[in-house]
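Read off the chains here:
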Amino acid sequence: MTASPTAGHRLHTSALVADAHNDLLMLVARRPPQRWASYFRDVWYPQLRAGGVDLQVLPVFVDNEFRPEGALRESLRMVEAAHRIAEGNPDLVALCRTGADIDTTIRSGRIALVLALEGCPQIDTDLELLQTFVRLGVRIVSFTHFGRTALADGSGEDRAGSRLTRAGVEALALLESLGAAIDVSHLGSAGIDHVLELAARPVIATHSSARSVHHHHRNLSDDHIRGIAATGGLVCVNLYAGYLTAEPPTLDHVVAHLERVAELAGPDKAGIGSDFVADLFAEKVPACYRPLIIEGTNTEILVPGLEGPAGLPLISHALLAAGHHENEVRGIAGANLARFLGSKHC
(Lines give C-alpha, C1' and ligand atoms only; values in the text may rest on other atoms or scores of the structure.)
Protein backbone atom coordinates (compact mmCIF):
# COMPACT_ATOMS: atom_id res chain seq x y z
CA MET A 1 0.00 0.00 0.00
CA THR A 2 1.35 3.45 -0.92
CA ALA A 3 1.07 6.12 1.75
CA SER A 4 -0.59 9.34 0.71
CA PRO A 5 1.26 12.67 1.05
CA THR A 6 -1.41 13.63 3.58
CA ALA A 7 -0.60 10.60 5.73
CA GLY A 8 3.11 11.40 5.62
CA HIS A 9 2.49 15.01 6.54
CA ARG A 10 0.15 14.06 9.37
CA LEU A 11 2.65 11.60 10.84
CA HIS A 12 5.60 13.98 10.61
CA THR A 13 3.61 16.83 12.14
CA SER A 14 2.66 14.70 15.14
CA ALA A 15 6.08 13.03 15.51
CA LEU A 16 8.98 14.15 17.65
CA VAL A 17 11.51 15.28 15.02
CA ALA A 18 15.21 15.39 15.88
CA ASP A 19 18.36 16.08 13.86
CA ALA A 20 21.75 14.96 15.19
CA HIS A 21 23.91 17.31 13.09
CA ASN A 22 23.31 20.78 11.64
CA ASP A 23 26.32 23.14 11.37
CA LEU A 24 24.22 26.30 11.64
CA LEU A 25 26.35 27.58 14.55
CA MET A 26 29.17 28.17 12.06
CA LEU A 27 26.95 30.64 10.22
CA VAL A 28 25.68 32.24 13.41
CA ALA A 29 29.25 32.85 14.60
CA ARG A 30 30.11 34.66 11.34
CA ARG A 31 27.75 37.48 12.40
CA PRO A 32 28.55 40.18 14.95
CA PRO A 33 27.69 38.96 18.46
CA GLN A 34 24.82 41.43 18.81
CA ARG A 35 23.12 39.72 15.85
CA TRP A 36 23.54 36.09 16.93
CA ALA A 37 20.11 35.72 18.52
CA SER A 38 18.22 37.69 15.87
CA TYR A 39 19.98 35.95 12.96
CA PHE A 40 18.98 32.56 14.34
CA ARG A 41 15.43 33.77 14.95
CA ASP A 42 15.02 35.29 11.47
CA VAL A 43 16.91 32.76 9.34
CA TRP A 44 17.13 29.38 11.06
CA TYR A 45 14.15 29.13 13.37
CA PRO A 46 11.64 29.34 10.46
CA GLN A 47 13.51 26.57 8.61
CA LEU A 48 13.60 24.31 11.65
CA ARG A 49 9.92 24.87 12.34
CA ALA A 50 9.03 24.22 8.70
CA GLY A 51 10.77 20.86 9.05
CA GLY A 52 8.94 20.10 12.28
CA VAL A 53 12.20 19.98 14.25
CA ASP A 54 11.75 19.61 18.02
CA LEU A 55 15.34 18.72 18.91
CA GLN A 56 18.46 20.00 17.16
CA VAL A 57 22.05 18.99 17.93
CA LEU A 58 24.43 21.90 17.23
CA PRO A 59 28.02 20.82 16.54
CA VAL A 60 30.89 23.15 17.37
CA PHE A 61 33.18 22.72 14.36
CA VAL A 62 36.31 24.82 13.81
CA ASP A 63 37.39 25.49 10.22
CA ASN A 64 41.01 25.18 9.10
CA GLU A 65 41.46 28.95 9.11
CA PHE A 66 41.30 28.92 12.92
CA ARG A 67 43.67 25.99 13.49
CA PRO A 68 45.69 25.49 15.52
CA GLU A 69 46.13 28.75 17.41
CA GLY A 70 42.56 30.07 17.18
CA ALA A 71 40.70 26.80 17.59
CA LEU A 72 39.90 27.18 21.29
CA ARG A 73 38.88 30.83 20.91
CA GLU A 74 36.56 30.12 17.97
CA SER A 75 35.05 27.15 19.79
CA LEU A 76 34.25 29.30 22.80
CA ARG A 77 32.71 31.93 20.52
CA MET A 78 30.43 29.28 19.04
CA VAL A 79 29.44 27.96 22.46
CA GLU A 80 28.70 31.53 23.55
CA ALA A 81 26.66 32.01 20.37
CA ALA A 82 24.53 28.99 21.29
CA HIS A 83 23.93 30.38 24.77
CA ARG A 84 22.96 33.77 23.35
CA ILE A 85 20.60 32.14 20.85
CA ALA A 86 18.80 30.54 23.78
CA GLU A 87 18.92 33.61 26.03
CA GLY A 88 17.76 35.89 23.22
CA ASN A 89 14.89 33.62 22.17
CA PRO A 90 13.58 32.06 25.41
CA ASP A 91 10.08 31.71 23.94
CA LEU A 92 11.39 29.72 20.94
CA VAL A 93 14.29 27.51 22.08
CA ALA A 94 16.22 26.31 25.11
CA LEU A 95 19.77 24.97 25.47
CA CYS A 96 19.42 21.56 27.09
CA ARG A 97 21.89 19.67 29.27
CA THR A 98 19.71 16.76 30.40
CA GLY A 99 16.92 14.58 29.13
CA ALA A 100 14.61 16.32 31.57
CA ASP A 101 15.57 19.67 30.02
CA ILE A 102 14.72 18.27 26.59
CA ASP A 103 11.34 17.02 27.81
CA THR A 104 10.43 20.32 29.45
CA THR A 105 11.42 22.28 26.35
CA ILE A 106 9.52 20.11 23.88
CA ARG A 107 6.40 20.05 26.07
CA SER A 108 6.46 23.84 26.14
CA GLY A 109 6.39 23.96 22.31
CA ARG A 110 9.98 25.14 22.00
CA ILE A 111 12.94 23.58 20.17
CA ALA A 112 15.48 21.79 22.34
CA LEU A 113 19.08 22.63 21.39
CA VAL A 114 21.96 20.32 22.35
CA LEU A 115 25.65 21.17 22.00
CA ALA A 116 28.28 18.83 20.53
CA LEU A 117 32.01 19.09 19.83
CA GLU A 118 33.11 17.95 16.38
CA GLY A 119 36.76 17.13 15.92
CA CYS A 120 38.46 18.35 19.14
CA PRO A 121 41.25 20.50 17.61
CA GLN A 122 40.65 22.92 20.49
CA ILE A 123 41.54 20.23 23.04
CA ASP A 124 44.84 18.76 21.83
CA THR A 125 46.04 16.80 24.90
CA ASP A 126 44.62 19.25 27.46
CA LEU A 127 41.86 16.83 28.40
CA GLU A 128 40.70 18.98 31.30
CA LEU A 129 39.19 21.26 28.67
CA LEU A 130 36.72 18.50 27.83
CA GLN A 131 35.34 18.92 31.32
CA THR A 132 35.17 22.68 30.71
CA PHE A 133 33.07 22.15 27.59
CA VAL A 134 30.80 19.70 29.37
CA ARG A 135 30.29 22.34 32.08
CA LEU A 136 29.27 24.72 29.29
CA GLY A 137 26.61 22.31 28.05
CA VAL A 138 28.31 19.96 25.57
CA ARG A 139 26.63 16.53 25.52
CA ILE A 140 28.29 14.79 22.55
CA VAL A 141 31.97 14.71 21.50
CA SER A 142 33.78 13.37 18.42
CA PHE A 143 37.55 13.13 18.42
CA THR A 144 38.49 14.04 14.87
CA HIS A 145 37.36 15.21 11.44
CA PHE A 146 38.90 13.95 8.18
CA GLY A 147 42.48 14.31 9.39
CA ARG A 148 44.55 13.66 12.49
CA THR A 149 44.21 15.09 16.00
CA ALA A 150 46.01 14.37 19.24
CA LEU A 151 43.20 11.95 20.13
CA ALA A 152 42.61 9.92 16.95
CA ASP A 153 42.71 9.74 13.16
CA GLY A 154 39.78 10.62 10.93
CA SER A 155 38.45 8.34 8.20
CA GLY A 156 40.52 10.20 5.62
CA GLU A 157 43.59 8.64 7.29
CA ASP A 158 42.28 5.07 7.15
CA ARG A 159 45.34 3.76 5.32
CA ALA A 160 47.38 4.55 8.44
CA GLY A 161 45.31 1.99 10.36
CA SER A 162 45.47 4.06 13.53
CA ARG A 163 43.57 3.41 16.74
CA LEU A 164 42.98 5.97 19.48
CA THR A 165 46.06 7.61 20.92
CA ARG A 166 46.82 7.32 24.64
CA ALA A 167 45.17 10.72 25.10
CA GLY A 168 42.18 9.48 23.12
CA VAL A 169 41.75 6.48 25.40
CA GLU A 170 41.91 8.78 28.44
CA ALA A 171 39.46 11.20 26.81
CA LEU A 172 36.94 8.42 26.19
CA ALA A 173 37.04 7.34 29.83
CA LEU A 174 36.76 10.94 31.04
CA LEU A 175 33.79 11.74 28.82
CA GLU A 176 31.97 8.59 29.87
CA SER A 177 32.52 9.51 33.51
CA LEU A 178 31.03 12.95 32.78
CA GLY A 179 27.98 11.44 31.04
CA ALA A 180 28.89 12.80 27.60
CA ALA A 181 28.34 10.58 24.54
CA ILE A 182 31.17 9.51 22.23
CA ASP A 183 30.46 10.26 18.56
CA VAL A 184 32.27 8.03 16.04
CA SER A 185 31.26 9.95 12.91
CA HIS A 186 34.45 10.95 11.05
CA LEU A 187 36.55 8.54 13.12
CA GLY A 188 38.81 6.18 11.18
CA SER A 189 37.88 2.52 10.91
CA ALA A 190 40.49 1.25 13.38
CA GLY A 191 39.55 4.05 15.75
CA ILE A 192 35.91 2.96 15.69
CA ASP A 193 37.02 -0.58 16.48
CA HIS A 194 39.00 0.78 19.43
CA VAL A 195 36.06 2.84 20.74
CA LEU A 196 33.75 -0.17 20.52
CA GLU A 197 36.28 -2.28 22.45
CA LEU A 198 36.48 0.28 25.24
CA ALA A 199 33.03 1.84 25.44
CA ALA A 200 31.10 1.22 28.63
CA ARG A 201 28.23 3.51 27.59
CA PRO A 202 26.12 3.83 24.41
CA VAL A 203 27.97 5.25 21.40
CA ILE A 204 26.48 7.44 18.66
CA ALA A 205 27.31 8.16 15.03
CA THR A 206 25.68 11.55 14.58
CA HIS A 207 25.99 11.79 10.79
CA SER A 208 27.19 8.62 9.07
CA SER A 209 25.61 6.47 6.37
CA ALA A 210 26.03 2.80 5.39
CA ARG A 211 29.17 1.75 3.51
CA SER A 212 27.49 -1.39 2.15
CA VAL A 213 24.98 0.84 0.34
CA HIS A 214 27.57 3.35 -0.94
CA HIS A 215 31.30 2.82 -0.51
CA HIS A 216 32.88 5.95 0.94
CA HIS A 217 35.31 6.11 3.84
CA ARG A 218 32.93 8.45 5.69
CA ASN A 219 30.32 5.70 5.85
CA LEU A 220 30.13 2.93 8.43
CA SER A 221 30.82 -0.73 7.74
CA ASP A 222 28.12 -3.27 8.58
CA ASP A 223 30.21 -4.50 11.52
CA HIS A 224 30.50 -0.98 12.88
CA ILE A 225 26.75 -0.39 12.59
CA ARG A 226 26.12 -3.63 14.48
CA GLY A 227 28.78 -2.73 17.04
CA ILE A 228 27.30 0.69 17.75
CA ALA A 229 23.88 -0.90 18.21
CA ALA A 230 25.39 -3.46 20.61
CA THR A 231 26.44 -0.62 22.93
CA GLY A 232 22.83 0.55 23.03
CA GLY A 233 23.82 3.38 20.73
CA LEU A 234 22.45 5.05 17.61
CA VAL A 235 23.39 5.54 13.94
CA CYS A 236 22.04 8.76 12.40
CA VAL A 237 22.13 8.71 8.61
CA ASN A 238 23.84 11.59 6.83
CA LEU A 239 21.74 13.30 4.13
CA TYR A 240 24.74 14.68 2.22
CA ALA A 241 24.38 13.33 -1.33
CA GLY A 242 28.05 12.48 -1.80
CA TYR A 243 27.87 9.89 0.97
CA LEU A 244 24.58 8.41 -0.25
CA THR A 245 25.29 7.55 -3.89
CA ALA A 246 27.44 8.14 -6.96
CA GLU A 247 24.27 8.54 -9.02
CA PRO A 248 21.98 11.57 -9.19
CA PRO A 249 20.64 11.50 -5.62
CA THR A 250 17.00 10.94 -4.72
CA LEU A 251 14.97 10.28 -1.59
CA ASP A 252 15.17 6.59 -2.47
CA HIS A 253 18.88 6.69 -1.67
CA VAL A 254 18.15 8.18 1.75
CA VAL A 255 15.61 5.43 2.38
CA ALA A 256 18.10 2.76 1.29
CA HIS A 257 20.66 3.89 3.89
CA LEU A 258 18.05 4.16 6.63
CA GLU A 259 16.74 0.70 5.78
CA ARG A 260 20.24 -0.79 5.89
CA VAL A 261 20.94 0.75 9.30
CA ALA A 262 17.56 -0.42 10.60
CA GLU A 263 18.18 -3.92 9.23
CA LEU A 264 21.60 -4.21 10.91
CA ALA A 265 21.04 -2.27 14.11
CA GLY A 266 17.28 -2.45 14.58
CA PRO A 267 14.76 0.26 13.72
CA ASP A 268 15.07 1.73 17.22
CA LYS A 269 18.78 2.38 16.62
CA ALA A 270 18.41 4.53 13.47
CA GLY A 271 18.03 8.29 13.17
CA ILE A 272 18.86 11.30 11.03
CA GLY A 273 21.92 13.56 11.14
CA SER A 274 21.28 15.92 8.27
CA ASP A 275 24.67 17.61 7.75
CA PHE A 276 22.97 20.23 5.55
CA VAL A 277 25.67 22.16 3.66
CA ALA A 278 23.87 24.32 1.07
CA ASP A 279 23.56 27.51 3.13
CA LEU A 280 27.00 27.08 4.66
CA PHE A 281 28.95 26.67 1.44
CA ALA A 282 26.86 29.25 -0.43
CA GLU A 283 28.07 31.85 2.06
CA LYS A 284 31.59 30.64 2.79
CA VAL A 285 32.91 29.53 -0.62
CA PRO A 286 33.69 32.19 -3.27
CA ALA A 287 32.41 31.53 -6.79
CA CYS A 288 35.95 31.05 -8.09
CA TYR A 289 36.33 27.94 -5.89
CA ARG A 290 33.11 26.29 -7.03
CA PRO A 291 32.20 23.57 -7.39
CA LEU A 292 33.84 22.72 -4.07
CA ILE A 293 35.05 19.13 -4.03
CA ILE A 294 35.50 17.56 -0.59
CA GLU A 295 36.84 14.01 -0.23
CA GLY A 296 35.87 13.29 -3.83
CA THR A 297 32.32 14.63 -3.53
CA ASN A 298 30.75 17.69 -5.14
CA THR A 299 29.20 19.78 -2.37
CA GLU A 300 26.74 21.40 -4.78
CA ILE A 301 24.98 18.12 -5.58
CA LEU A 302 22.09 17.75 -3.12
CA VAL A 303 19.13 15.44 -2.67
CA PRO A 304 16.23 17.33 -4.28
CA GLY A 305 14.02 18.71 -1.55
CA LEU A 306 16.63 18.12 1.17
CA GLU A 307 18.53 21.37 0.78
CA GLY A 308 17.68 22.33 4.37
CA PRO A 309 15.57 21.48 7.44
CA ALA A 310 12.27 22.33 5.76
CA GLY A 311 12.63 19.17 3.65
CA LEU A 312 12.69 16.73 6.56
CA PRO A 313 8.97 15.79 6.24
CA LEU A 314 9.84 14.26 2.84
CA ILE A 315 11.80 11.53 4.61
CA SER A 316 8.89 10.52 6.81
CA HIS A 317 6.64 10.35 3.75
CA ALA A 318 9.23 8.35 1.78
CA LEU A 319 9.57 5.82 4.61
CA LEU A 320 5.81 5.46 4.88
CA ALA A 321 5.54 5.07 1.11
CA ALA A 322 8.19 2.33 1.27
CA GLY A 323 5.92 0.38 3.62
CA HIS A 324 7.48 1.10 7.00
CA HIS A 325 5.30 1.04 10.09
CA GLU A 326 4.32 4.38 11.62
CA ASN A 327 6.11 3.59 14.89
CA GLU A 328 9.33 2.83 13.03
CA VAL A 329 9.05 6.09 11.07
CA ARG A 330 8.44 8.05 14.27
CA GLY A 331 11.54 6.54 15.82
CA ILE A 332 13.74 7.40 12.85
CA ALA A 333 12.25 10.89 12.58
CA GLY A 334 13.47 11.72 16.05
CA ALA A 335 12.16 9.62 18.93
CA ASN A 336 15.22 7.35 18.84
CA LEU A 337 17.65 10.27 19.10
CA ALA A 338 15.59 11.94 21.83
CA ARG A 339 15.59 8.69 23.80
CA PHE A 340 19.36 8.33 23.34
CA LEU A 341 19.78 11.79 24.88
CA GLY A 342 17.69 10.83 27.88
CA SER A 343 14.28 12.13 26.86
CA LYS A 344 11.22 10.34 28.19
CA HIS A 345 8.90 12.49 26.06
CA CYS A 346 9.04 9.88 23.28
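Our subject is the structure listed above.
Basis of the calculations
Residues numbered from 1 in each chain as written. Predicted model: local features only at pLDDT ≥ 70, side-chain atom pairs only at ≥ 80, totals over all residues. Heavy atoms only, no water. Helix = DSSP H or I, 4+ residues; strand = E, 2+ residues; numbered from the N terminus. Rg over C-alpha atoms; globule rule 2.2 N^0.38 Å. Buried < 20%, exposed > 50% of the residue type's maximum accessible area, 1.4 Å probe, protein only. Areas by Shrake-Rupley, 256 points an atom, 1.4 Å probe, with all protein chains shown as cover. Contact = heavy atoms within 4.5 Å. Phe/Tyr/Trp six-rings, centres within 6.5 Å; stacked < 30°, edge-to-face > 60°. Lys NZ or Arg CZ within 6 Å of the ring centre and 35° of its normal. Core = buried A, V, L, I, M, F, W, Y, C linked by side-chain atoms within 4.5 Å. Expected span 1.5 Å × (residues − 1). Bend = angle between axes of the 7 residues up to and from the residue. Arc of directions from axis to C-beta. Salt bridge = Lys/Arg side-chain N within 4 Å of Asp/Glu carboxyl O.

*Asks:* Quick rundown of the overall build of the protein chain? Include the residues and the values.
*Replies:* For the protein chain, the helix and strand inventory stands at 13 helices and 11 strands. Its C-alpha atoms give the protein chain a radius of gyration of 18 Å, within 12% of the compact-globule value 20 Å for 346 residues. Dimensions of the protein chain along its principal axes, counting C-alpha atoms only, are 55 × 45 × 45 Å. Looking at the 346 residues of the protein chain, the share that counts as buried comes to 58%. Total accessible area on the protein chain is roughly 13800 Å²; 51% of this is exposed by carbon and sulfur atoms.

*Asks:* Describe the environment of Phe 133, and please don't skip the residues or the numbers.
*Replies:* Within the element layout of this structure, Phe 133 appears in helix α6 (residues 128-135). Residues Phe 133 and Ala 71, 62 residues apart in the sequence, show an inter-C-alpha distance of 13 Å. For Phe 133, the residues in contact, after removing those within four places along its chain, are Leu 72, Ser 75, Leu 76, Val 79, Leu 117, Gln 122, Ile 123 and Val 138.

*Asks:* Quick rundown of unusual backbone geometry? Include the residues and the values.
*Replies:* With an omega of 0°, the peptide bond running from Arg 290 to Pro 291 counts as cis. Looking at the secondary structure, you find Pro 291 in the loop between α11 (278-284) and β10 (293-294). Phi is positive for His 186, close to 80°, though the residue is something other than glycine. Note that His 186 resides in the loop between β6 (181-183) and α8 (189-198). Not every positive phi belongs to a glycine, and Glu 295 is a case in point at roughly 50°. Along the chain, Glu 295 falls in the loop between β10 and β11 (297-298). A relative accessible area of 35% places Glu 295 in the partly exposed class.

*Asks:* Can you break down the side chain of Asp 63 residue by residue, with the values?
*Replies:* For Asp 63, the position within the fold is in the loop between β2 (53-60) and α4 (71-88). The exposure class assigned to Asp 63 is buried, which follows from its relative accessible area of 17%. Every residue in contact with Asp 63, bar those within four places of it in the chain, is listed here: Met 26 and Lys 284.

*Asks:* Now, about the packing of aromatic side chains: what can you tell me, with residues and values included?
*Replies:* In this structure the tally under the stated criterion is one aromatic pair. Judged by centre distance (4.8 Å) and plane angle (75°), the rings of Tyr 240 and Tyr 243 are edge-to-face. Note on accessibility: Tyr 240 and Tyr 243 belong to one class, buried. It is Arg 31 that lies over the ring of Tyr 39; its NZ or CZ is 4.2 Å from the centre.

*Asks:* Can you tell me about the nonpolar core, naming the residues and giving the values?
*Replies:* With 86 residues, the main nonpolar core has Leu 25, Val 93, Leu 115, Leu 130, Phe 143 and Ile 315 as its most contacted residues. Here Phe 143 is in contact with Gly 119, Cys 120, Thr 149, Leu 151, Ala 152, Leu 164, Gly 168, Ala 171, Leu 172, Leu 175, Ile 182 and Asp 183, once residues within four sequence places are set aside. Within the second largest apolar cluster, 20 residues are counted, among which are Ala 20, Ile 102, Ile 204 and Ala 338.

*Asks:* Give a detailed account of helix α13 (residues 326-340), specifying residues and quantitative values.
*Replies:* For α13, with 15 residues, the first-to-last C-alpha span of 19 Å sits near the 21 Å given by 1.5 Å per residue. The sharpest bend along α13 reaches about 65° and sits at Ile 332. Taken as a whole, α13 has its buried residues at Glu 328, Val 329, Gly 331, Ile 332, Ala 333, Gly 334, Ala 335, Asn 336, Leu 337, Ala 338 and Phe 340.

*Asks:* Now, about α6: what can you tell me, with residues and values included?
*Replies:* Considered for burial, the residues of α6 that qualify are Leu 129, Leu 130, Phe 133 and Val 134. Along the axis of α6, the buried residues cluster in a sector spanning 150°; they form a single face. The exposed residues of α6 that point more than 90 degrees off its buried face are Glu 128 and Arg 135. Buried residues belonging to α6 abut α4, β4 (111-118), β5 (138-142) and α7 (166-178). Just downstream of α6 lies Gly 137, where phi reads positive at about 120°.

*Asks:* Can you lay out the pattern of salt bridges for me, pointing to particular residues and giving the numbers?
*Replies:* Inspection of every chain in the model, using the stated rule, returns 11 salt bridges. The partner of Arg 31 in a salt bridge is Glu 283, and the shortest N-O contact between them spans 2.7 Å. One end of the pair, Arg 31, is in the loop between α2 (24-29) and α3 (36-50); the other, Glu 283, is in helix α11, and 252 residues separate them in sequence. Since its relative accessible area comes to 31%, Glu 283 is described here as partly exposed. Asp 153 is paired through a salt bridge with Arg 148; the nearest N and O atoms lie 2.6 Å apart. Here Arg 148 falls in the exposed class, since its relative accessible area comes to 56%. Where salt bridges share partners, they join Arg 30, Arg 31 and Glu 283 into one cluster.

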